[in-house]
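Tertiary structure, described
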Amino acid sequence: MTTEWDAGRLDSDLSEVGFDTLAVRAGQRRGPEAEHGEALFLTSSYVFRSAADAAACFAGEAKGNVYSRYMNPTVRTFEERMAALESAEQAVATSSGMAAILAMVMSLCSAGDHILVSRSVFGATVSLFDKYFKRFGVEFDYVELADLNAWKSACKPNTKLFFVESPSNPLAELVDIRGLSEVAHAQGALLAVDNCFCTPALQKPLELGADIIIHSATKYIDGQGRCLGGVVAGRREHMQEVVGFLRTAGPTLSPFNAWVFLKGLETLRLRMQAHCASAQTLAEWLEQQEGVEHVYYAGLPSHPQHELAKRQQKAFGAVLSFEVAGGREAAWRFIDATRLLSITANLGDSKSTITHPATTTHGRLTPETRATAGIRDNLIRIAVGLEEVEDLQADLMRGLVALRA
């Protein structure tokens, strides 16, 4: 044990360091044990030196941990690291990505407020708006993601928030984030961007004019499909409202999951580079295969927003989708013929996954809503992992052979 505890010496000087250094070291405050790795604080509550000390901490008049529903040292380390990577003033961790969206809307919007949502958001997000937010008097409309004029036209006097995924799931659609932020701010609204597919290793929406970042940390932040978690990040004035929601409602990230995510962040950029390189190879290869009607991947010159992706992203991501000839029956036959890829709807894993969006991630939507979002029955989504790309090609070839049978 270090008897002469000098936190200033034990902690790292992170002034003017780069992304990878922040991903490894940001947010850590070493304790009297001088631990090198991040400490895992598995505690629900904290003790105080006196009744007066407890009262001051509960009242917010003194610094100190109160209760792990909304403050825990391990979770705080993860939050501070995510804020550093996203160039945010503050980040707030939640129990899942969907909880992050819930916390954002419940914290920053009220009954009578109007929200504009991109039409291509994740299926569960559509259900959250259609089934639950609607009950509490929040108004919303869906807008074509890439059409800035459509966003302008859809604004109302009570429009308070724009919410988008860019790139979208599963068609890799993009929006000009800087352009959309100008539209939102002219309306007096905030722009929230789900940055799950890119992560801060590939895209920094706050630096492009967005106000709020949403993450499902379950995906690439973890990187190995182990834990659920979410993040909301942005300006401190907005995040303090989100903290207040967590304190009251409790969609809290567990300290253990936060610790796992910290380990994932240490290799984030390296993993994303490998994911993206393999995804690019597979997308180019699939585009040349008989039986594949269309490939959706922003790294392809055939993608209508390829140039936009080159401007606002460092790479093109690890999720690609493609349509096969023959409808749902053919798509299922393709998927069932694979033997290496995992048939699961999760993504961001080191293991590549394959799924049929129309009957899984977007299966609860009406056929009309799916059609409007471009989710057709012959669409297959692959989240490219870290296996040898030649092995992935060989497995997908099994699916291609099954199409021709």
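A short tour of the structure in this document, coming up. Not measured: the values here are computed from a predicted model. (Residues numbered from 1 in each chain as written. Predicted model: local features only at pLDDT ≥ 70, side-chain atom pairs only at ≥ 80, totals over all residues. Heavy atoms only, no water.)

1. Details of the pairing of strand E7 (residues 230–234)
Counted residue by residue, E7 has five buried out of five residues, so it is predominantly covered. Side chains Gly230, Val232 and Gly234 of E7 all project onto a buried face; the interleaved residues Val231 and Ala233 project onto the opposite face, where all are buried too. With five bridges joining them, strand E1 (residues 90–94) and E7 adopt antiparallel strand pairing. Residue pairing across strands places Val92 opposite Val232, the latter belonging to E7. Where strand E6 (residues 212–216) lies against E7, five bridges are found, and the strand directions are antiparallel. Following the sheet pairing, Ser216 is matched in E7 by Gly230. (Buried < 20%, exposed > 50% of the residue type's maximum accessible area, 1.4 Å probe, protein only. Helix = DSSP H or I, 4+ residues; strand = E, 2+ residues; numbered from the N terminus. Pairing = 2+ DSSP bridges.)

2. Regarding helix H5 (residues 97–108)
Compared with the 16 Å implied by 1.5 Å per residue over 12 residues, the 17 Å span of H5 between its first and last C-alpha is a close match. For H5, the tally of buried residues reaches nine of 12 residues, placing the bulk of the element in the interior. Those residues of H5 lying buried are Gly97, Ala99, Ala100, Ile101, Ala103, Met104, Val105, Ser107 and Leu108. The residue sitting at the N-terminus of H5 and contributing the capping side-chain oxygen is Ser96; that oxygen lies 3.5 Å from the backbone nitrogen of Met98. (Expected span 1.5 Å × (residues − 1). Polar contact = N/O pair within 3.5 Å; in protein donor to acceptor, adjacent residues only side chain to side chain.)

3. Some words on the nonpolar core
Ranked by internal contacts, the top residues of the largest apolar core, which has 56 residues, are Phe78, Trp151, Phe162, Val164, Leu191, Ile221 and Leu268. If we skip the residues at most four places from it in the chain, Leu191 touches Phe162, Val164, Ile177, Leu180, Ser181, Ala184, Ala210, Asp211 and Ile212. If you look at the next biggest cluster of nonpolar residues, it comprises 31 residues, including Leu174, Leu308, Val324 and Ile354. (Core = buried A, V, L, I, M, F, W, Y, C linked by side-chain atoms within 4.5 Å. Contact = heavy atoms within 4.5 Å.)

4. Quick look at the pairing of strand E2 (residues 114–118)
Most of E2 sits out of view: five of its five residues are buried. Of the two faces of E2, the one lined by His114, Leu116 and Ser118 and the one lined by Ile115 and Val117 are each fully buried. Direction of pairing for E2 relative to strand E3 (residues 139–143): parallel, over a ladder of five bridges. The partner of Ile115 across the bridge, within E3, is Phe140. Each parallel crossover has a hand, and the one from E2 via helix H6 (residues 123–132) to E3 is right-handed. Strand direction decides the pairing type here: E2 and strand E4 (residues 159–165), joined by four bridges, are parallel. Bridged to Val117 within E4 is Phe163. (Right-handed = clockwise from strand over helix to strand, strands pointing away.)

5. A short note on the packing of helix H12 (residues 268–286) against helix H16 (residues 389–404)
Relative to each other, H12 and H16 sit at 35 degrees, their axes nearing to 10 Å. Between H12 and H16 lies a crossing of right-handed hand. In this structure, H12 uses Ser278, Thr281, Leu282, Trp285 and Leu286 to contact H16, whose residues at the interface are Val389, Leu392, Gln393, Leu396, Met397 and Leu400. Residue classes in the contact of H12 with H16 are distributed as eight nonpolar, three polar and no charged. (Axes fitted to C-alpha atoms, helices over the stretch in contact; angles between N-to-C directions. Left-handed = near helix turned anticlockwise from the far one by under 90°. Nonpolar A, V, L, I, M, F, W, Y, C, P; charged D, E, K, R; others polar.)

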